[in-house]
Amino acid sequence: MSLWEGHLEDIDDDVMKFSQSFGIDKRLYREDIECSIAHVKMLGKQKIIKNSEEIIDELKKILSDIESGKLKLDLLCEDIHTFIEETLTKRLGNVGKRIHTARSRNDQVAVDLKLYIKKQIREISNLVCSLIGTISNIAKKNINVLMPSYTHLQRAQPSSFSHHILAYAFMFKRDLTRLKNCLENMNECPLGACACTGTSYPIDRFFVSDELGFSKPTDNSIDSVSDRDFALELLSSISIVMMHLSRFSEEIILWSSWEFKFISLSDSYCTGSSIMPQKKNPDMAELIRGKTGKVYGNLFAMLTIMKGLPLSYNRDMQEDKEQIFESIDTVKDCLIIFERMIKTMKINPENMEKFLKEGFVNATDCADYLAKKEIPFRDAYKVTGSIVNLCISKNKTLEELDLQDYKKSSDLFEEDIFDTINFENCVKNRTSYGSPKKSSILNQIKIINSFTKKYQI
Ligand code: ARG
């Protein structure tokens, strides 16, 4: 039986199969029932229907029957909204048929999706908070580990491991703000917009909005059923989380290579090769990097679905859920696996510090030494450049060069140049706000921790 029986006859079976979304939107059963309960409560309160209590009790039973497995979500049904309504009608007869008074699946699907996304934003945010906590713990535990900072993947300046990974904590902190903004922006209830222009029944949209935990009803009924901005904001926030996870994964992949060996991943988060017995591959990090592409694809699919749609609801919009669900599932899985992977990785400080010593990462400090003695920085830069060349020709590091050699380039050099270019001192002397100096790192950890502690969504 189809919903439009009485008007359209003989729908082709293949058309039913082609157009159904039940296989995908059945996961919205809880939200659909929550939304129906609020709607029926309101219809009863407004004296639009009788028997509201009976309908609500049956809806609650349907929910518990689905959760206990007694009621299977496996019929051939157009969508979850139809399934719940049909089940109710099967159980209550004519009384059940009243549930669809003063609503449409167009406002119903919008509110179901919003309810689902609101819950998911909370879950994703909790996972992001937990990951930030793990990063901050690792940073605190390894606070004395120095490593070079890179630009263009070339060793650039002395820094610390904590400084490097805390950069990611700040990225994830912004993700939390984005997710919260997304939730706040979508916190208006579309139910009662009906098909597109509202209804002549005396419904109370403010009551329904309160019941469902929204801040207020949406203001324009056409916008209410046409809008998927909330899904796009979610998909774009998730894409940015994935981009951060992917960049971090890329570094984990590099750092765990024989070339770097900055870290060693736990065997539980690696796989071997079917042919090369020596291999230990960082597959989890690679998969997260790969899945990021899929999540971006979902954002693009959704943007493209929406771009040419005239107002208000169009069936194209049914194609939204696959991308939304896949991206939500993916980001949650990735956050969980990524956090466990970094929690169990071993840090190899010796290798990070070894890399500091090659590559002249203290050259900026040498130039600054001269510039602080009143010669213009650009000249100090040139002098230091020639000293680096001298080192290369003598196969020496800046620390190994004699003071006489320094003096040949500039008589401003004194014995204290060696203190200045000492790597530990280079980091200690970076006093600017946000730098790798220990007190600055402790401050960064404090900022991160107090943000996540206060973060409420
Ligand atoms: N299953 C549809 C969706 O997910 C909702 C139904 C609206 N259908 C309609 N023909 N107006 O968007």
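Please refer to the structure placed before this passage.
These remarks concern the structure in this document. Nothing here was measured: the structure is a model prediction, and the numbers come from that model.

1. Some details on empty space enclosed by the protein
Logical step 1: Under the defined criterion, the tally for this structure stands at one cavity of 30 Å³ or more.
Logical step 2: Taken together, His39, Met42, Ala102, Leu191, Gly192, Ile203, Asp204, Arg205 and Val208 make up the lining of the largest cavity.

2. With respect to the packing of aromatic side chains
Logical step 1: Per the counting criterion, the structure on display carries 15 aromatic pairs.
Logical step 2: Relative to Phe355, the ring of Phe262 has its centre 5.2 Å away and its plane inclined at 70 degrees; by these criteria the two rings are edge-to-face. Within this pair, whereas Phe262 is found in the loop between helix H10 (229–255) and strand S5 (263–264), its partner Phe355 is found in helix H13 (residues 349–357), the two being separated by 93 residues in sequence.
Logical step 3: Given a relative accessible area of 0%, Phe262 falls into the buried group.

3. Considerations on the pattern of salt bridges
Logical step 1: Evaluation of the coordinates by the stated rule reveals 29 salt bridges.
Logical step 2: A salt bridge links Asp320 to Arg228, with the shortest nitrogen-to-oxygen separation between them at 2.8 Å. With Asp320 in helix H12 (residues 320–343) and Arg228 in the loop between helix H9 (221–226) and H10, this pair connects stretches of sequence that are 92 residues apart.
Logical step 3: Using a relative accessible area of 1% as the deciding quantity, one classes Arg228 as buried.

4. Points about the nonpolar core
Logical step 1: In terms of nonpolar packing, the biggest core is built from 111 residues, with Phe161, Phe172, Leu245 and Ile252 touching the most fellow members.
Logical step 2: In terms of residues, this core owes the most to one element, helix H6 (residues 105–141), which gives 14 residues.
Logical step 3: The contact partners of Phe161, leaving out residues within four places of it in the chain, are Ile138, Asn142, Val145, Leu146, Met147, Trp255, Met345, Ile347 and Met352.
Logical step 4: If you look at the next biggest cluster of nonpolar residues, it comprises 16 residues, including Val383, Ile387, Val388 and Tyr406.

Rules used in this analysis
- Residues numbered from 1 in each chain as written.
- Predicted model: local features only at pLDDT ≥ 70, side-chain atom pairs only at ≥ 80, totals over all residues.
- Heavy atoms only, no water.
- 1 Å grid on protein atoms, 1.4 Å probe; cavity = no way out; pocket = protein on both sides within 12 Å on 5 of 7 lines; lining within 4 Å.
- Points joined across faces, edges and corners; volume = space filled by probe spheres on them.
- Phe/Tyr/Trp six-rings, centres within 6.5 Å; stacked < 30°, edge-to-face > 60°.
- Helix = DSSP H or I, 4+ residues; strand = E, 2+ residues; numbered from the N terminus.
- Buried < 20%, exposed > 50% of the residue type's maximum accessible area, 1.4 Å probe, protein only.
- Salt bridge = Lys/Arg side-chain N within 4 Å of Asp/Glu carboxyl O.
- Core = buried A, V, L, I, M, F, W, Y, C linked by side-chain atoms within 4.5 Å.
- Contact = heavy atoms within 4.5 Å.

None of the figures reported here should be taken as evidence of function without further support.
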